[in-house]
2 protein chains.
Amino acid sequence: MTLSDLPTPALILDVAKLRRNVRRMADAVRRNGVALRPHMKTAKSIDVARIALAGQAGGIAMSTLREAEYFAGHGIRDIQYAVSIVPDKLARVAQIQKTGARITLITDNVGVARAIAAKGAELGATFHVLIEVDCSEGRSGVLPGSEDVLTIGRILHDSPNTELAGIMTHAGHSYRCRGLAEVEAMAETERAAAVAAANRLRAAGLPCGTVSVGSTPTALYARSLTGVTEARPGVYMFGDMFQAQIDSCSVGDLAVSVLAAVTSHRREFDRLLVDAGALALSKDRSTEFVANDIGFGLVTDIDGKPFQPQLAVARVYQEHGQVQGGTGVPFDAMPVGSRVRILPNHVCMTAAMYDRYHVVDSESGDARKVIAEWTRANGW
Amino acid sequence: MTLSDLPTPALILDVAKLRRNVRRMADAVRRNGVALRPHMKTAKSIDVARIALAGQAGGIAMSTLREAEYFAGHGIRDIQYAVSIVPDKLARVAQIQKTGARITLITDNVGVARAIAAKGAELGATFHVLIEVDCSEGRSGVLPGSEDVLTIGRILHDSPNTELAGIMTHAGHSYRCRGLAEVEAMAETERAAAVAAANRLRAAGLPCGTVSVGSTPTALYARSLTGVTEARPGVYMFGDMFQAQIDSCSVGDLAVSVLAAVTSHRREFDRLLVDAGALALSKDRSTEFVANDIGFGLVTDIDGKPFQPQLAVARVYQEHGQVQGGTGVPFDAMPVGSRVRILPNHVCMTAAMYDRYHVVDSESGDARKVIAEWTRANGW
C-alpha cells in the first residue's frame, strides 16, 4: 500500500519526523536536568509511546481512562492521569491498578480529596494524587499560595488509602505567547508556581516527591527548571500549523497530515473541493489568531510539499473541504481524483478523528510507502 | 445502568424525542407528496435508521463508504452516497454492490463520469449515478443551466456500465436563512434548480428517474416540491442548538446530549469545569452567528432541563469544558462530581466523537434509565 492507493481521507504519520521531534524534546528536557514524561493525549498510540520513551524513565501522562487502560494493557507501569479526577471514576482507576500499573491522579478540590480517601478505604485501594496548581492560566488548579494546597495536602497525606504524590501544573496559556522571550518568561512562571506550592507543602511537614510541569513551548524553551522533577509535553511529537507559528517547530517538522482526494473543481469560483472536511480535519481554528491563518489546514502535494503560493482549506462541511488560494487554484496540477496532503491546525483534534495512523518514512528510499498501521485509543 | 452511573463523558440519545422528530419530518415530506430518504450521516446507526425508515420506502442517503458498508451489512438495499465520488473509490463501491445493495453515486465532473464508465467496464460492474447540481450554494455541483449537465448525462446514459439515475442537489445554504419566508424561498430555489436540470436532461432525450433535494429546513418548510421525487434531510432526527435557532425545532426537541461531570470549581473566576471538552463536544461553533451564542454547548441538569439563567460551555480544552453564566454559576447546585447534560451546537459533529449512543426514553417511567446501547459507524 502507498499514499497513491490508500482510501481517503486517511491519517498519515511520518515516523522520520516523529523521531526527530522526539530527540529534540528529549535533548531540551535533559538540558534542564528533569525527567521527560511524554503526554500521550495527542498520539494515543503505544507505538508512538515506545518511540517517545526511548532513553526515558518510562512514565507517561494521559487524559482519559480509556488511554490508561490501553497503555496499562501494553505494559506501561507509571501513568499520570492529568485531568481532574471525579470520585465516580475511582473504581475504574482501582481496576487498572490491579493489573500492575500505578496511576497518579490529580485534584484541585478539598471535597474530592476527601472522597478519594473514602473511596480508597471502601475499595481497599491506594490512590496516588498530585495537587493541581493554577500557574495563572485560570483553567483548573488551586492557587499556589492558597490554603487549599495545605488542606488537600494534609487530607491526602493523613489518609491511609491515599498518597500525597506532589504538585503538578500546566501552562496551557503558553500557547498565547509570541516570541522566545515570552515563552521563557511563561516557563519561569510555571516553574515558580509549582515550586512555590511544593515548598509550602514541605514547610508544613508534608512530602512532595513530584513537581510536574509542562507544555510543549515551555518544556522546549525553559531556561531553568530548578526544583521541578519532570516535564509533560505532548504535541511536540507531531507538531502542527499552530505550533509552527508559535515557534515550537517548523512546518517541515510536522509529522502528521491528512491524505485527501480532489473531488470537484469549481473554476467559476476559483475553488476546489477535497474529501477531507469537518470530520476529517476537525473544526479546530487554532491559527485564527496567529500571523498566517490557514483556515482548517494547509494543502501540500502528495509528498508533503506546500503549494506555492499557499493553498488552504478555507471552509469545511461534514465531508467536503473547500480549497482556495489567495492567488488562484492550480487546477491543472490538481485534477479531480488526484491526491493531496493537508497539514492540520491542531493535531490533537485532527488525529482524534481517526482510529489509526498510516505510517510512512520520509527518510527511507520510498517516502510514499505505507510501512505500518498503528492504532489509536480514542474515546473515554 | 442510569445517567447517574454511566462513565462520563457519554453520548445520550432520547428515543422518545427521536421518534417525535421523525414523525414530524415524515408528515412534512408526505404533505409534499415525495419520498423521504433519511440522510444517515448524522446518526450513523442502524437502530436510528430503522426508526427513521418506519413507513418509508426504505432508501437512505449517507456520506462515507464506511457507512455504506455498515448499512448494507444491516440489510439496507437502497443507498445514496451523497458526496462526490472519485474513481479510486469505485472498486469498494462495486464490492458493496456485490452484497446486494444498490449504491447511487453522485458527480459534478465530466472527467469523473468518463472514469466511472471506464471503471465499470474494467470491474464488470454497473454504477448508478446522479448528476449533482449546485442550487446556488457554491459548494459542489454543476450549474443547472450548464452544458456539463448534458455532457455528463450523455456519458452516463451511453455507457454500458453506468446508469444515469437522475439529478440531486442540496441547499446547504438554507442554514443561513432566518425566518420562515427565507426558508420557503430557499426551498423553492432548491426545487427549481433540480427540476430545471431534470427537464434539460429529458428535453435532450435522456432519462431522469430521480430528482433528489433536501436539507432539514427546506424539507420541513417547502411549500411545493412539484417535480421532485425525494427529500434527503438528516439532522432533523436529533436537532441541535443551531437548528433550534433557525426554527427547525425547539430546544425541547433535541434528542442528543452529552452527559458530563463537574470536575472543578473556580469561584474566584465564577467558572466551573466539566469533563466534556473539545473532544467530547467538538469544536463546532455553529451558534456563533445566530441570536443566542451558546459557545460549545448549553448546560442542562441531569434530566435535560436548562439552567436559569442560561449556562454555556464558553471555552473548551481537549478534555475540559469551562462553564460560565452571564449572571453567576450556581455552584451549590452543581457540586464537583455532580452530573449535567450539554446540548450541542451541531449534533453531526458532536455525535461523531463517540462510538455509541446510550439510549434513554423520556416518556417512560424512568427517564434516567439507560435502556440500550446503539453503536455508530464512524470513520471512512
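Residues numbered from 1 in each chain as written. Chains lettered and ligands numbered in written order. Predicted model: local features only at pLDDT ≥ 70, side-chain atom pairs only at ≥ 80, totals over all residues.

## Brief notes about the overall build of chain A
How we decide: To qualify as a helix, a DSSP run of H or I must reach at least 4 residues; to qualify as a strand, a run of E must reach at least 2; elements of each kind are numbered from the N terminus. Three exposure classes are used, all based on how many other C-beta atoms lie within 10 Å of a residue's own C-beta (placed from the backbone): buried at 20 or more, exposed at 12 or fewer, and partly exposed between those limits.
Each helix and strand counted, chain A has 11 helices and 17 strands in total. For chain A, the spread of C-alpha atoms along the principal axes amounts to about 70 × 45 × 35 Å. By residue count, 59% of the 380 residues in chain A fall in the buried class.

## Observations regarding the packing of helix H4 (residues 90–97) of chain A against helix H5 (residues 110–123) of chain A
Packed helices, taken two at a time, are described by their axes: the angle between them and the distance between them. All names here are of chain A. Rule in force here: Convention adopted: a line fitted to C-alpha atoms gives each axis, helices being fitted over their contacting stretch, and angles between N-to-C directions are expressed from 0 to 180 degrees. Orientation is classified from the angle alone, with under 35 degrees giving roughly parallel, over 145 giving roughly antiparallel, 65 to 115 giving roughly perpendicular, and any other angle giving oblique. Crossing handedness: left-handed means the near helix sits turned counterclockwise from the far one by under a right angle, and right-handed means the same turn made clockwise. The contact criterion used here is simple: two residues whose C-beta atoms, placed from the backbone, lie within 7 Å are in contact.
Two elements in contact, H4 and H5, have axes whose closest approach is 10 Å; the angle formed by their N-to-C orientations is 55°. For the element pair H4 / H5, the angle class is oblique. The element H4 and its partner H5 pack so that their crossing is right-handed. Across from Leu 90, Ala 91 and Ala 94 in H4, the residues of H5 making contact are Ile 116, Lys 119 and Leu 123.

## Structural notes on the sheet that holds strand S5 (residues 102–107) of chain B
Across a sheet, paired strands are connected by hydrogen bonds in the backbone, their directions being either parallel or antiparallel. Residues and elements named next belong to chain B. Stated precisely, the cut-off is as follows: Pairs of strands are assigned from DSSP output, requiring at least two bridges between the strands.
Strands sit in the order S2-S9-S8-S7-S6-S5-S4-S3 across an open sheet of 8 strands; the sheet is parallel. Of all strands in the sheet, those with a lone pairing partner are strand S2 (35–36) and strand S3 (60–62), marking the two edges. Bridge count between strand S7 (residues 162–169) and strand S8 (residues 210–213): 3 bridges; the pairing is parallel. Of the residues in S8, the one forming a bridge with Gly 166 is Thr 210.

## Thoughts on the interface of chain A and chain B
Applicable threshold: Residues are grouped as follows: Ala, Val, Leu, Ile, Met, Phe, Trp, Tyr, Cys and Pro are nonpolar; Asp, Glu, Lys and Arg are charged; all remaining types, including Gly, are polar.
Residue-level contacts link 44 residues of chain A with 44 residues of chain B. Among the elements that line the side of chain A that touches chain B, the one with the most residues is strand S10 (residues 256–266) of chain A, at 4 residues. Classifying every residue of the side of chain A that touches chain B by side-chain character gives 18 nonpolar, 17 polar and 9 charged.

## Overview of helix H7 (residues 180–203) of chain B
All names here are of chain B. What counts, and what does not: Multiply 1.5 Å by the residue count of a helix minus one, and that product is the helix's expected span.
For H7, which comprises 24 residues, the first-to-last C-alpha distance of 34 Å matches the rise-based estimate of 34 Å (1.5 Å per residue) to within 8%. Where H7 is concerned, the buried positions are Val 183, Met 186, Ala 187, Glu 190, Arg 191, Ala 193, Ala 194, Val 195, Ala 197, Ala 198, Arg 200 and Leu 201. Each element contacted by the buried residues of H7 is listed here: strand S6 (127–133), helix H6 (147–158), S7, S8 and helix H8 (216–221). The positive-phi residue at the C-terminal boundary of H7 is Gly 205, with phi of around 80°.

## A closer look at the pairing of strand S11 (residues 271–274) of chain B
Residue and element names in this part refer to chain B. Residues Arg 271 and Leu 273 line one face of S11 and the alternating positions Leu 272 and Val 274 line the opposite face, and both faces are buried. Across 4 bridges, the pairing between strand S10 (residues 256–266) and S11 is antiparallel. When the sheet's bridge partners are listed, His 265 is paired in S11 with Leu 272. Linking two consecutive strands that pair antiparallel, namely S10 and S11, is a turn of 4 residues; a positive phi of about 55° is found at Asp 270 within it. When S11 meets strand S14 (residues 321–325), the two strands line up antiparallel, connected through 3 bridges. Bridge assignment links Val 274 to a residue of S14, and that residue is Gly 321.

## Some details on the nonpolar core
Our working definition: In plain words, the nonpolar core is the set of buried Ala, Val, Leu, Ile, Met, Phe, Trp, Tyr and Cys residues that C-beta atoms within 7 Å link up.
By size, the foremost hydrophobic cluster in this structure holds 270 residues, and its most contacted members are A:Phe71, A:Ile167, A:Ala194, B:Phe71 and B:Ala194. Leaving out residues up to four positions away in the same chain, B:Ala194 has contacts with B:Val133, B:Cys135, B:Ile167, B:Thr169, B:Val211, B:Val213 and B:Val228.

## Observations concerning the domain arrangement of chain A
All names here are of chain A. As a reminder, the rule being used: Reported domain spans reflect what an automatic or database domain assignment gives.
According to the domain assignment, chain A consists of domain 1 (15–236) and domain 2 (249–375). For domain 1 versus domain 2, the separation of C-alpha centres amounts to 33 Å. With 12 residues of domain 1 at the interface, the matching set in domain 2 holds 14 residues. For the side of domain 1 that touches domain 2, the elements supplying multiple residues, two or more each, are helix H1 (15–31) and helix H2 (46–52). Here the side of domain 1 that touches domain 2 takes 6 residues from H1, the largest share from any one element.

## Details of the relation of the copies chain A and chain B
Under the convention used in this document: The fit set for superposing copies consists of C-alpha atoms from residues with pLDDT of at least 70 in both; the fit itself is least squares.
For these two chains of identical sequence, chain A goes onto chain B by a turn of 180° and a shift of 0.0 Å along the axis, with RMSD 0.0 Å. Here the transformation between the copies is reduced to the relation of a two-fold axis. Minimal C-alpha distance to the rotation axis in chain A is attained by A:Lys283, lying at 2.7 Å. A shared interface surface links the copies, since 100% of the contact residues of chain A are contact residues in chain B too.

## Topic: the sheet that holds strand S3 (residues 60–62) of chain A
Residues and elements named next belong to chain A. Taking strand neighbours across the sheet as the criterion, the 8 strands line up as S2-S9-S8-S7-S6-S5-S4-S3 in an open arrangement whose pairing is parallel. Of all strands in the sheet, those bounded by a partner on one side alone are strand S2 (35–36) and S3. Summarising the sheet, strand S4 (residues 78–81) and strand S5 (residues 102–107) pair through 3 bridges and their orientation is parallel. The residue of S5 that forms the bridge with Ile 79 is Ile 103.

## Some thoughts on the pairing of strand S15 (residues 339–343) of chain A
All names here are of chain A. Burial analysis of S15 places 5 of its 5 residues in the buried class, the great majority of the element. Looking at chain direction, S10 and S15 are connected through 4 bridges and run antiparallel. Counted as the bridge partner of Leu 259 is Arg 341 from S15. Bridge analysis of strand S12 (residues 298–301) against S15 gives 4 bridges, and the strand direction is antiparallel. Residue pairing for S15: Val 299 is matched across the bridge by Ile 342.

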